[in-house]
Amino acid sequence: MKKVKGYIGHVKIDKDGKPVESNVNNAEEIAKMLKFNVEKGNQEAKDLGFNKMNGFAMFGSDKSLTFMKDTALLVDNKKADWQELFTTYTYIKSWLIGGIALLVISLILYYLAIFTSYMDYFAPEPRFYTPTILLLISVFMILLSKSKYSYRL
């Protein structure tokens, strides 16, 4: 949470609206305000045909309060990056794991080609083709694994 630009503090609340973790002075007041706004927001969401509200933001003149996934963040309006605050990149785990596995296999094949005689039955250059292709594919997969864009809410 502290990676967010303009971060001032946070309040985590439980299902009953009580503060669980906080690094701000008036956590009880913020928790009461959050509980009221969540209940009212969920009622309005149901009236509009949605199941529930996932989060909201209350903008002030200098500071703002955002609420998402049982956590309220207090941010400075002048320093906050709203795009970063509400959205984040997530990793596609299957691509990341596949890329790392191919990278490990590629490094093992490079080791076998250079330091052992296990791949000597290939000509000098072709024994490096397979590890190089696997290395390129693994780097490609690792880079593309960070392409899933999702909301923090």
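Our next topic: the overall build of the chain. When you go through the chain residue by residue, the secondary structure sums to 4 helices and 7 strands. Each helix (α) and strand (β) of the chain, taken in turn from the N terminus, gives the series β-β-α-β-β-β-α-β-α-α-β. Compactness check: the chain gives a C-alpha radius of gyration of 25 Å against a globular reference of 15 Å for 153 residues, more than 25% above the reference. For the C-alpha atoms alone, the extent of the chain along its principal axes is close to 75 × 35 × 25 Å. Burial analysis of the chain (153 residues in total) assigns 29% to the buried set. Taking contacts inside the chain between residues at least 6 apart in sequence as the whole, the part at least 24 apart equals 52%. With the model as given, the accessible surface of the chain reaches about 10600 Å², and the carbon-plus-sulfur share is 60%.

Summarising the element assignment, Ser64 is placed in strand S4 (residues 63-68). Taking the relative accessible area as the measure of exposure, Ser64 reaches 2% and is therefore buried. With near-sequence residues (within four places) excluded, Ser64 lies in contact with Met58, Phe59, Leu73, Leu74, Val75, Asn77 and Trp82.

So, on to the sheet that holds strand S5 (residues 71-76). Reading across the sheet, the 5 strands line up as S2-S1-S5-S4-S3 and stay open at both edges, with antiparallel pairing between neighbours. The open sheet terminates on both sides in strands that have one partner only, identified here as strand S2 (19-22) and strand S3 (55-59). Ignoring which end each strand starts from, the neighbouring axes of this sheet average 15 degrees apart.

This part takes up the pattern of salt bridges. Taken as a whole and judged by the stated rule, the model has 1 salt bridge. Across the pair Asp62 and Lys78 runs a salt bridge whose closest N-O atoms are separated by 3.9 Å. Of this pair, Asp62 sits in the loop between S3 and S4 while Lys78 sits in the loop between S5 and helix H2 (82-86); the two residues are 16 residues apart in sequence, bridging distant segments of the chain. Residue class for Asp62 comes out partly exposed when judged on its relative accessible area of 46%. Classification of Lys78 by relative accessible area gives exposed; the value is 72%.

The grouping of Trp95, Phe140 and Leu144 at the surface amounts to a nonpolar patch, some 280 Å² of accessible area in total. Relative to the helices and strands, Phe140 resides in helix H4 (residues 126-144).

This part is about the side chain of Ser145. Structurally, the position occupied by Ser145 is in the loop between H4 and strand S7 (148-151). By relative accessible area, which is 0% here, Ser145 ends up buried. If sequence neighbours within four positions are ignored, Ser145 has contacts with Thr90, Tyr91, Ile92, Trp95 and Leu96.

A few words on the nonpolar core. The biggest cluster of nonpolar side chains holds 13 residues, and the ones touching the most others in it are Val11, Ile30, Leu34 and Phe67. For this core, the secondary-structure elements that each account for two or more residues are strand S1 (7-13), helix H1 (27-47), S4 and S5. Top contributing element to this core by residue count: H1, with 5 residues. Among the nonpolar cores identified, the runner-up in size contains 8 residues, and Met68, Leu73, Val75 and Phe86 belong to it.

Where helix H3 (residues 93-115) meets H4, the closest approach of the two axes is 8 Å, and the angle between their N-to-C directions is 160 degrees. With respect to H4, the element H3 is oriented roughly antiparallel. Note on packing geometry: the crossing formed by H3 with H4 is left-handed. Here the contact of H3 with H4 is built from residues that sort into 18 nonpolar, 6 polar and 1 charged.

What counts and what doesn't
All residue numbers refer to position in the chain's written sequence, counted from 1. Totals for whole chains, interfaces and linings use all residues, but because this is a predicted model, local features are given only for residues with pLDDT of at least 70 and pairs of side-chain atoms are given and counted only at 80 or more. Note that the side-chain values use all heavy atoms of the structure and ignore hydrogens as well as water. Helix and strand assignments follow DSSP, with helices taken as H or I runs no shorter than four residues and strands as E runs no shorter than two, numbered in order from the N terminus. The globule rule used for comparison is 2.2 Å times the number of residues to the exponent 0.38, while the radius of gyration itself is calculated over C-alpha atoms. Per-residue accessibility, obtained with a 1.4 Å probe over protein chains only, is compared with the maximum for each type, and a residue is labelled buried under 20%, exposed over 50%, and partly exposed between these values. Contacts were defined at the residue level, with two residues in contact if any of their heavy atoms lie within 4.5 Å. Surface exposure here means Shrake-Rupley accessible area, sampled with a 1.4 Å probe, where a residue is shielded only by the protein chains that are shown. Two strands pair if DSSP finds at least two bridges between them. Convention adopted: a line fitted to C-alpha atoms gives each axis, helices being fitted over their contacting stretch, and angles between N-to-C directions are expressed from 0 to 180 degrees. One speaks of a salt bridge when a side-chain nitrogen belonging to Lys or Arg is within 4 Å of a carboxyl oxygen belonging to Asp or Glu. Residues forming no salt bridge and having over 30% relative accessible area are the ones grouped into patches, like charges within 9 Å of each other and nonpolar side chains (Val, Leu, Ile, Met, Phe, Trp, Tyr) within 5 Å. We call a set of buried Ala, Val, Leu, Ile, Met, Phe, Trp, Tyr and Cys residues a nonpolar core when their side-chain atoms join them within 4.5 Å. Any angle between 65 and 115 degrees counts as roughly perpendicular, while under 35 counts as roughly parallel, over 145 as roughly antiparallel, and the rest as oblique. A clockwise turn of the near helix away from the far one marks a right-handed crossing, whereas an anticlockwise turn of less than a right angle marks a left-handed crossing. When residue character is reported, Ala, Val, Leu, Ile, Met, Phe, Trp, Tyr, Cys and Pro are called nonpolar, Asp, Glu, Lys and Arg charged, and the others, Gly included, polar.

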